[in-house]
Each structure stands twice: as C-alpha cells, then as structure tokens.
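Residue strings, one per chain:
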Amino acid sequence: MDWVERAAKLRQWAGNGARAPHKPLLLLYALGRFREDADGELRYSAVEEDLKRLLVEYGPANRTTPAYPFHHLVSDGVWEVRTDRGPGSPGTGVLELRATGAAGRLVPELREALRREPSLLGRIARVLLDQHFPPSLHGELREAVGLELEPVESGPLPAGRRQRDRRMREMVLTAYEYQCAFCGYDGRIGAMPVGLEAAHVRWWAFDGPDAVDNGLCLCALHHKLFDKGVLGIGEGHRILVSQGFVGRSPAAREHVTALAGRPLIGPQPGTSRIAACHRSWHTEQVFHGVPRPTS
C-alpha cells in the first residue's frame with residue numbers, strides 16, 4: 001500500500017480551480033493527533049471546534065461544516081468512523097454525529113504502517129501541504145495541527161508531479177525592481193535584498209505557473225496576508241483589503257487598512273502585469289469576505 005500516493009489522491013470536489021482543502025485539513029489534524037496518541041479516537045463533538053477553526057483559517061471563503069470531511073474521508077481508505085451503535089458513519093448531519101457519539105481515526109493499516117515506518121508520517125504531511133497550500137502557510141499550519149516535521153533531503157519528484165522553476169523568485173523580484181508591490185519596502189543588507197519574497201497569485205498547488213504574470217514581489221508581512229486572504233488585487237490592479245481584517249493600532253492601519261484602493265507598485269514598464277485569470281482565481285478562492293471601501 002502506497003500511503004503517500006493515497007494521500008496525494010484524496011477525492012475532492014473540484015471545478016475551475018476551486019479550493020476544497022477540507023479532507024487534507026482533517027487528515028493533517030489526524031496525523032498530528034496520532035503523534036500524541038496513536039490509538040486514540042477523535043470524537044466529533046470534541047474536535048468539531050478545532051476543525052471549524054482550521055476550515056475558517058485555511059479553507060476557502062465559503063463556509064463548510066467539518067461534518068462533511070469527517071464523514072466523506074472514509075471513502076478514501078485512510079479514515080474510519082464508528083458510533084455508539086457500532087462501525088460506520090451516520091452521515092454528514094452535524095446533530096447526528098454529535099448524538100451518536102461518532103468518533104474517527106486513521107484506519108488500522110495506516111496506523112500500523114506509521115508505527116513501522118515513522119518517517120511515513122512526514123512524507124504524507126508534506127504531500128498534503130505541497131498539494132493544497134502555499135509554502136508561506138506551511139509552518140503555521142504544521143503548528144496548528146501539532147506536526148513538527150524532520151527536514152528531508154530533496155530527491156526525484158514522484159511521477160506526475162511538477163517541477164518548480166527556480167528562476168521564479170529572481171524573475172519576479174527583478175520585474176518589481178526589488179520592492180514590495182503593496183508598500184514599497186526595499187530593504188537590503190549590502191547588495192542582498194532581505195524580507196522580499198516572490199508570491200504566486202494563483203497558488204502553485206492549484207496549477208499557478210512560475211511566471212511573472214502570476215507573481216508579485218511582496219515583503220514577508222504582505223506575502224503572508226495575501227496568502228491568508230486579508231489582501232487581494234482588484235480591477236485596475238488596485239489593492240483590496242478585507243473588511244474582516246481588524247487592526248486598531250497605528251501600525252495595522254498604516255501597513256494594512258490604509259492600502260485599500262492603492263495601485264500596485266510595479267511591475268516595471270515592458271514587463272507582464274498580473275493576468276486577469278490569476279487575479280480572479282485569487283479573489284474567488286483566497287480573498288476573504290468583502291473589500292473595504294476606498295476613500
């Protein structure tokens with residue numbers, strides 16, 4: 001049984017590049033809990049709030065109850081559910097999952113494989129992170145589900161996996177003249193830029209190309225906020241700020257809320273601007289809520 005491949009092929013609703021990370025988030029959460037208690041069960045009523053927070057924080061803007069992945073992950077052969085009545089999930093009804101004492105855990109074969117080969121857990125977690133989330137979110141997501149992964153040496157990509165273009169960062173930073181497209185930050189130590197990153201607009205995990213028309217040069221703060229859906233890009237390449245963002249300090253107002261409606265800084269003339277298809281994907285799949293009005 002190739003458990004990494006099975007994790008890479010979780011059945012998910014998909015269409016037009018829509019994000020559906022519900023099953024991957026549940027599986028990552030289950031892997032984190034496996035480290036704490038290899039044979040423990042996750043009672044739905046006890047973990048429902050944890051799973052809701054993960055879906056709000058790392059899922060798409062449209063809300064989905066954690067009952068759906070709790071029930072449907074069973075069909076992928078990595079997860080089992082039982083109730084007080086015996087084996088089997090009662091369905092996706094939240095009230096019934098609570099009332100029947102529904103509890104889930106990794107299937108016995110996977111639990112045994114993880115005991116036999118401890119490095120397997122990290123490999124499964126990495127493929128879930130790589131396929132469903134941008135690198136800027138990997139560290140905090142691992143922390144959120146309780147997974148500390150050992151570093152691994154890079155090796156050949158599995159069949160069918162895309163190879164990243166290592167020139168992407170340099171191409172994007174050059175196009176934006178080594179300054180953040182949102183705030184203009186351009187810090188350096190000597191000749192080396194510091195705190196500047198190449199952000200994908202349409203995430204690489206969702207077929208976003210390693211190309212300048214899908215990239216932004218952003219400082220570390222604005223890269224994280226862009227990938228979390230606090231910031232976006234609207235018509236006329238103007239900055240969107242979510243109404244859901246709350247920050248009362250002068251720093252929060254200056255570095256986030258005051259950006260609403262400002263035009264992007266760059267790219268330099270003769271360089272491709274962000275393609276409309278990538279902008280619209282980010283707005284639909286990542287940006288949270290309604291944009292703040294501009295003055």
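Fair warning: this is a prediction, and the values are worked out from it, not measured in the lab.

A. The arrangement of the overall build of the chain in detail. Scanning the chain for helices and strands turns up 12 helices and 10 strands. Since a compact globule built from 295 residues should have a radius of gyration of about 19 Å, the 21 Å found for the chain is in line with a globular shape. Projected onto its principal axes, the C-alpha positions of the chain cover 65 × 45 × 35 Å. Burial analysis of the chain (295 residues in total) assigns 46% to the buried set.

B. View of helix 6 (residues 108-116). Considered for burial, the residues of helix 6 that qualify are Leu110, Arg111, Ala113 and Leu114. One face of helix 6 carries all of its buried residues, which in axial projection span an arc of 160 degrees. Opposite the packed face of helix 6, turned more than 90 degrees from it, sit the exposed residues Glu109 and Arg116. Looking at the buried positions of helix 6, the neighbouring elements they touch are helix 1 (3-8), helix 2 (22-36), strand 2 (79-83), strand 4 (103-106) and helix 7 (119-132).

C. Quick look at the pairing of strand 2. In strand 2, alternate side chains face the same way, and those of Trp79, Val81 and Thr83 are buried while those of Glu80 and Arg82 on the opposite face are not. Here four bridges tie strand 2 to strand 4, and the two strands are oriented antiparallel to one another. Its bridge partner lying in strand 4, tryptophan 79 is registered against leucine 106. As paired strands, strand 2 and strand 3 (residues 86-87) are joined by two bridges and run antiparallel to one another. Each residue of the ladder has a partner; that of threonine 83, found in strand 3, is glycine 86. Counted between consecutive antiparallel strands, the loop separating strand 2 from strand 3 contains two residues.

D. View of the packing of helix 8 (residues 135-145) against helix 10 (residues 220-227). Direction vectors running N to C along helix 8 and helix 10 enclose 80 degrees, while the axes themselves pass 9 Å from each other. Between helix 8 and helix 10, the angle falls in the class roughly perpendicular. In this structure, helix 8 uses Ser136, Leu137 and Glu140 to contact helix 10, whose residues at the interface are His223, Lys224 and Asp227. Grouping the constituent residues of the contact of helix 8 with helix 10 by class yields one nonpolar, two polar and three charged.

E. Representation of the confidence of the model for the chain in the model. With 92% of its residues at a pLDDT of 70 or more, the chain shows a mean pLDDT of 89. Segment residues 152-157: pLDDT under 50, and three contacts once partners within four positions in sequence are set aside and those in other chains are kept.

F. Seen up close, unusual backbone geometry. Geometrically, the link from glycine 266 to proline 267 is a cis peptide bond, its omega value of 5 degrees lying close to zero. Structurally, the position occupied by proline 267 is in the loop between helix 11 (250-255) and helix 12 (276-285). Of note, glutamate 177 is a non-glycine position whose phi angle comes to about 55 degrees, a positive value. Take glutamate 177: it is sitting in the loop between helix 9 (168-175) and strand 5 (188-189).

G. Main features of helix 8. Here helix 8 has its buried residues at Leu137, His138, Leu141 and Val145. Summarising the axial view, the buried residues of helix 8 lie within an arc of 115 degrees, below the 170-degree limit, and thus occupy one face. The secondary structure elements touched by the buried residues of helix 8 are helix 2, helix 3 (44-58), helix 7 and helix 10.

H. View of the pairing of strand 4. Judged from the two bridges that link them, strand 1 (residues 42-43) and strand 4 form a sheet pairing that is antiparallel. Its bridge partner being in strand 4, leucine 42 is matched across the sheet by glycine 104.

I. Quick look at the packing of aromatic side chains. Considering all chains together, one arrives at six aromatic pairs under this definition. Arranged with centres 5.1 Å apart and planes meeting at 80 degrees, the rings of tyrosine 44 and phenylalanine 70 form a pair that is edge-to-face. A residue pair is termed long-range when its members are at least 10 positions apart, and tyrosine 44 in helix 3 and phenylalanine 70 in helix 4 (residues 67-72) qualify at 26 residues. With respect to burial, tyrosine 44 and phenylalanine 70 carry one shared label: buried.

Definitions and cut-offs
Residues numbered from 1 in each chain as written. Predicted model: local features only at pLDDT ≥ 70, side-chain atom pairs only at ≥ 80, totals over all residues. Heavy atoms only, no water. Helix = DSSP H or I, 4+ residues; strand = E, 2+ residues; numbered from the N terminus. Rg over C-alpha atoms; globule rule 2.2 N^0.38 Å. Buried < 20%, exposed > 50% of the residue type's maximum accessible area, 1.4 Å probe, protein only. Arc of directions from axis to C-beta. Contact = heavy atoms within 4.5 Å. Pairing = 2+ DSSP bridges. Axes fitted to C-alpha atoms, helices over the stretch in contact; angles between N-to-C directions. Parallel < 35°, antiparallel > 145°, perpendicular 65-115°, else oblique. Nonpolar A, V, L, I, M, F, W, Y, C, P; charged D, E, K, R; others polar. pLDDT = per-residue confidence, 0-100. Phe/Tyr/Trp six-rings, centres within 6.5 Å; stacked < 30°, edge-to-face > 60°.

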